[in-house]
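# Examining the three-dimensional arrangement
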Amino acid sequence: MNIFRLAGDVSHLVAILILLMKIWRSKSCAGISGKSQVLFALVFTTRYLDLFTVYISAYNTVMKVVFLALSYATVYLIYMRFRNSYDSENDTFRVEFLLVPVIGLSFLENYAFTPLEILWTFSIFLESVAIMPQLFMITKTGEAESITTHYLFFLGLYRALYIANWVWRYHTEGFYDQIAIVSGVVQTIFYCDFFYLYVTRVLRGKGKMSLPMPV
């Protein structure tokens, strides 16, 4: 494992913990897209179906369990524990517009036409677009709390670090995963505008990050 992979995993974990702590401490999930969190839980579920059949390392197994547990804990807090604070009126992104093409691509583009491989491919494609309901919600409301933007920043940083990880592995191991790389690049592109706003507004102490309202 290289430093980029490790840093990417840590950034991913920090992003999820930031979100969980925000919800738990404020006793509110206002501003958080439940739809995005359900999609991320689906990503981890379909990707880690080999949890009990394939052993790679203790680190790999622990991280799989942690991400699964935290993703479902987040969904539970949003839709059960603090459901009264869930902003369903603004969390209106049509997830079927993501799921249908992702399912189709998973059957068309995969490394082996087997159930586990198709589901793994589905998880890779879905992860690249799972954040869209959250970004749509922020655009619709016109602003996001600083803690929510910190979550998004670390989530985007995780994908950027994984791109560096793939570059490193290609040059040192000759490893090349076209599906993961293309999906990762697409996901990172979604964060580009957000990164700019995060640096120019949030890190300069302006509190909530305002975004242009949709016309």
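Structure shown above.
The shown structure was predicted, so the numbers you read here are calculated from the model rather than taken from an experiment. (Residues numbered from 1 in each chain as written. Predicted model: local features only at pLDDT ≥ 70, side-chain atom pairs only at ≥ 80, totals over all residues. Heavy atoms only, no water.)

### Concerning the pattern of salt bridges
Threshold: Within this document, salt bridges are pairs made up of a side-chain nitrogen of Lys or Arg and a carboxyl oxygen of Asp or Glu, the two lying within 4 Å of each other. A run of DSSP states H or I qualifies as a helix once it reaches four residues; a run of E qualifies as a strand once it reaches two. Both are numbered from the N-terminal end. For the exposure calls, accessible area comes from a 1.4 Å probe over protein chains only, and a residue counts as buried if that area is under 20% of its type's maximum, exposed if over 50%, partly exposed in between.
Tallied over the full model, the rule gives 6 salt bridges. Measuring nitrogen to oxygen at the nearest pair gives 3.3 Å for the salt bridge that ties Asp 9 to Arg 5. In this pair, Asp 9 and Arg 5 are both assigned in helix H1 (residues 3-26), 4 residues apart and thus about one turn of the helix distant. Owing to a relative accessible area of 6%, Asp 9 belongs among the buried residues under this scheme. Take Arg 5: its relative accessible area is 23%, and that puts it in the partly exposed class. Arg 159 is the salt-bridge partner of Glu 127, the closest N and O atoms lying 3.6 Å from each other. In this pair, Glu 127 is assigned in helix H5 (residues 115-129) and Arg 159 in helix H7 (residues 146-173), connecting sequence segments 32 residues apart. Per residue, the accessibility class of Glu 127 equals that of Arg 159, and both read buried. Bridged by salt links that share partners, the residues Arg 47, Glu 127 and Arg 159 form one connected network.

### Side note on helix H2 (residues 34-47)
Keep this limit in mind: Expected helix span is taken as 1.5 Å per residue step, with the number of steps being one fewer than the number of residues.
The terminal C-alpha atoms of H2, which comprises 14 residues, lie 20 Å apart, in line with the 20 Å expected from a rise of 1.5 Å per residue. When you tally the buried positions in H2, you get 10 out of 14 residues, the bulk of the element. Taken residue by residue, H2 has Gly 34, Ser 36, Gln 37, Leu 39, Phe 40, Ala 41, Val 43, Phe 44, Thr 46 and Arg 47 as its buried positions.

### Examining unusual backbone geometry
We note that Lys 27 has phi near 55°; this positive angle belongs to a residue other than glycine. Residue position: Lys 27 is located in the loop between H1 and H2.

### Considerations on the side chain of His 12
Applied cut-off: Should any heavy atoms of two residues lie within 4.5 Å, those residues are considered in contact.
By the secondary structure assignment, His 12 is in helix H1. According to the relative accessible area criterion, His 12 is buried, its value standing at 4%. Apart from the residues lying within four places of it in its own chain, the contact partners of His 12 are Phe 44, Phe 67, Glu 127, Phe 154, Leu 155 and Tyr 158.

### Observations regarding the packing of aromatic side chains
Formally: In this analysis, rings of Phe, Tyr and Trp, with Trp reduced to its six-membered ring, are considered paired at centre separations within 6.5 Å, and the interplanar angle assigns stacked below 30 degrees, edge-to-face beyond 60, and tilted for intermediate values. Two conditions define a charge sitting above a ring: the NZ of Lys or the CZ of Arg must be within 6 Å of the ring centre, and it must be within 35 degrees of the ring normal.
Per the counting criterion, the structure on display carries 11 aromatic pairs. Pairing Trp 24 with Phe 82 gives two aromatic rings, centres 6.1 Å apart and planes at 65°, and the pair type is edge-to-face. Residue Trp 24 is located in helix H1, and its partner Phe 82 is located in the loop between helix H3 (58-81) and helix H4 (96-108); the two are separated by 58 residues in the primary sequence. For Trp 24, a relative accessible area of 38% corresponds to the partly exposed category. The exposure class of Phe 82 is buried, given its relative accessible area of 10%. Measuring from ring centre to ring centre gives 5.5 Å for Phe 44 and Phe 67, while their planes differ by 15°; the resulting arrangement is stacked. Linking Phe 44 in helix H2 with Phe 67 in helix H3, this pair joins segments that are 23 residues apart in sequence. By way of ring pairs, the aromatic residues Phe 44, Tyr 48 and Phe 67 are connected into one cluster. Sitting over the ring of Trp 24, Lys 27 keeps its end group 4.2 Å from the ring centre.

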